[in-house]
Amino acid sequence: LPSEIGLLRSLKRMYGGSTGLSGPLPSEIGNLPKLEWLMLPHTLLTGTIPPEIGNLPAIVRINIGNKLQNNPSNTTSRLGGTLPTEVG
């Protein structure tokens, strides 16, 4: 995902599962105040989950590389780290 994703300040739902998305998840993802759903399962995202993901005040559902709110220890992910407690 490009860092410009953080400019989509009105974005409410994002689904990019099984799309071949790769590379790191940019910290700018935390700049989306209206984002309710962040669904990026079955992707090739790498690196670590940015702590800025905890800055999403409207988030109600999240799945990043198969790391779920209710199952943050899922081991099928290529992403390191855990989801911040703010999103749990």
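Residues numbered from 1 in each chain as written. Predicted model: local features only at pLDDT ≥ 70, side-chain atom pairs only at ≥ 80, totals over all residues. Heavy atoms only, no water.

Participant: Please provide a residue-by-residue account of the overall build of the protein, values included.
Facilitator: Broken down by element type, the protein carries 0 helices and 7 strands. Shown N-terminal to C-terminal, the secondary structure of the protein runs as helices and strands in the order β-β-β-β-β-β-β. Counting every position in the protein, which comprises 88 residues, the buried fraction comes to 41%. Partitioning the intrachain contacts of the protein with sequence separation of at least 6 by distance along the chain shows that 50% fall at a separation of at least 24. Taken as a whole, the protein presents about 4,800 Å² of accessible surface, with 52% of it coming from carbon and sulfur. (Helix = DSSP H or I, 4+ residues; strand = E, 2+ residues; numbered from the N terminus. Buried < 20%, exposed > 50% of the residue type's maximum accessible area, 1.4 Å probe, protein only. Contact = heavy atoms within 4.5 Å. Areas by Shrake-Rupley, 256 points an atom, 1.4 Å probe, with all protein chains shown as cover.)

Participant: Just give me the short version of the packing of aromatic side chains, but keep the residues and values in it.
Facilitator: The full count for this structure, using the stated rule, is 0 aromatic pairs. Positioned above the aromatic ring of Trp 37, the side-chain terminus of Arg 61 is 5.8 Å from the ring centre. (Phe/Tyr/Trp six-rings, centres within 6.5 Å; stacked < 30°, edge-to-face > 60°. Lys NZ or Arg CZ within 6 Å of the ring centre and 35° of its normal.)

Participant: Lay out the side chain of Thr 43 in plain terms, naming residues and giving numbers.
Facilitator: With respect to the helices and strands, the residue Thr 43 is situated in the loop between strand S3 (37-40) and strand S4 (44-48). A polar side-chain atom of Thr 43 sits 3.5 Å from the main-chain amide nitrogen of Leu 45. (Polar contact = N/O pair within 3.5 Å; in protein donor to acceptor, adjacent residues only side chain to side chain.)

Participant: Residue-level account of the pairing of S4, with values.
Facilitator: With 3 bridges connecting them, strand S2 (residues 22-24) and S4 associate as parallel partners. In the strand pairing of S4, Gly 23 is matched with Leu 45. Relative to strand S7 (residues 79-80), S4 is paired through 2 bridges, and the arrangement is parallel. Of the residues in S7, the one forming a bridge with Thr 48 is Gly 80. (Pairing = 2+ DSSP bridges.)

Participant: Break down the sheet that holds S7 for me, with residues and values.
Facilitator: With parallel pairing, 3 strands are arranged side by side in an open sheet as S2-S4-S7. Strands at the two margins of the open sheet, each flanked by one partner only, are S2 and S7.

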